[in-house]
Amino acid sequence: MSQSDDSKNKIVIREHVFDGIEEYDQNLPNWWLFTFYIMIVYFIFAWVAYYQSPFHIQNDHEHLDSQLAAIEEKKNKELESMMATLNDDSLREMSLDAAHVAAGKAIFDTKCVACHGADLSATMSGLKLPGVPLNDAEWLYGGEPLNIMGTITNGSPDVTKGMIAWKSQLGPAEIAQVVAYILSYHKT
Ligand code: HEC
């Protein structure tokens, strides 16, 4: 079969046999070509729209980032307004709020219970724990809510006593909630 015959016929049999199988060389079907060309056009369109258009289309990652940033901002705003009005009275008010007290208890039970005891008595099953009682009327560094908050935030003034500055592990709002929990033992 000559080269000119080849180009005239739609279906040609190549001079190629492998394992007794003759290989056909056919034109690609139109539906396949059509899809292929459409994809090329689509690609150009999508590339321009995605990377070149002045209207920036957010990808999933950016979308998530911006949503998280919005949540973070909202949280910070709430925190700011809470901290801006934080004083002895507002902390006492927090100690009457079940949600804040529960949040404070959750923090206390993970970070503080080992030294101050589950009932704040600094004992466990009659054994003395390293901390001092927080359920009595005796305060080393002041018993006003802001005094207590200060001690927790900055730790004991005497570093050798073993009470670290909790601001390294807890945010101001969390510390305020722990204070609320401690104050809930001092309802008058
Ligand atoms: C490693 C043991 C330990 C842990 C954990 C610990 N404390 Fe203390 N805490 C102490 C000791 C010891 C003191 C007494 C410090 C001193 O004598 O200066 C103290 C003192 C305090 C005081 C001051 C009490 C007063 O009489 O003025 C408060 C309030 C307090 N702790 C709250 C907390 C809170 C809240 C946490 C958890 C976030 C916590 N502590 C975790 C050991 C601990």
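For the structure, check the block above.
Remember, it's a predicted structure, so these values are computed and weren't measured experimentally.

Draft legend 1. Seen up close, the overall build of the protein. Along the backbone of the protein there are eight helices and four strands. Reading the helices (α) and strands (β) of the protein from amino to carboxyl end gives α-β-β-α-α-α-α-α-β-β-α-α. What you see for the protein is a C-alpha radius of gyration of 36 Å, clearly larger than the 16 Å of a compact globule of 188 residues, by over 25%. Projecting the C-alpha coordinates of the protein onto the three principal axes gives extents of approximately 110 × 45 × 30 Å. The buried share among the 188 residues of the protein stands at 21%. In the protein, once contacts between residues fewer than 6 apart in sequence are set aside, the share between residues at least 24 apart is 47%. When the accessible surface of the protein is summed, it comes to about 13900 Å², and 61% of that surface belongs to carbon and sulfur atoms. For the protein, the separation between the mean place of its 13 positive charges and that of its 25 negative charges on side chains is 6 Å.

Draft legend 2. Spotlight on the side chain of Ser156. Take Ser156: it is sitting in the loop between helix H7 (145–154) and helix H8 (172–183). What makes Ser156 buried here is its relative accessible area of 8%. Only 3.4 Å separates the side chain of Ser156 from the side chain of Tyr141, close enough to count as a polar contact. With sequence-adjacent residues up to four places away left out, Ser156 is seen in contact with Tyr141, Thr151, Lys161 and Met163.

Draft legend 3. Structural view of the site of the ligand. Close to the ligand lie 22 residues; Cys112, Cys115, His116, Tyr141 and Met163 are nearest. At 2.3 Å from an oxygen atom of the ligand is found a side-chain nitrogen or oxygen belonging to Tyr141. Between the ligand and the protein, one listed contact pairs an oxygen atom with a side-chain N or O atom of Ser156 at 2.4 Å. Among the elements of the structure, helix H6 (113–116) and H7 are those that each provide at least two residues to the shell around the ligand. Looking at the shell around the ligand, the element that brings in the most residues is H7, giving three residues.

Conventions adopted
Residues numbered from 1 in each chain as written. Predicted model: local features only at pLDDT ≥ 70, side-chain atom pairs only at ≥ 80, totals over all residues. Heavy atoms only, no water. Helix = DSSP H or I, 4+ residues; strand = E, 2+ residues; numbered from the N terminus. Rg over C-alpha atoms; globule rule 2.2 N^0.38 Å. Buried < 20%, exposed > 50% of the residue type's maximum accessible area, 1.4 Å probe, protein only. Contact = heavy atoms within 4.5 Å. Areas by Shrake-Rupley, 256 points an atom, 1.4 Å probe, with all protein chains shown as cover. Lys, Arg positive; Asp, Glu negative; His and termini not counted. Charge placed at Lys NZ, Arg CZ, Asp CG, Glu CD. Polar contact = N/O pair within 3.5 Å; in protein donor to acceptor, adjacent residues only side chain to side chain. Near = heavy atom within 4 Å.

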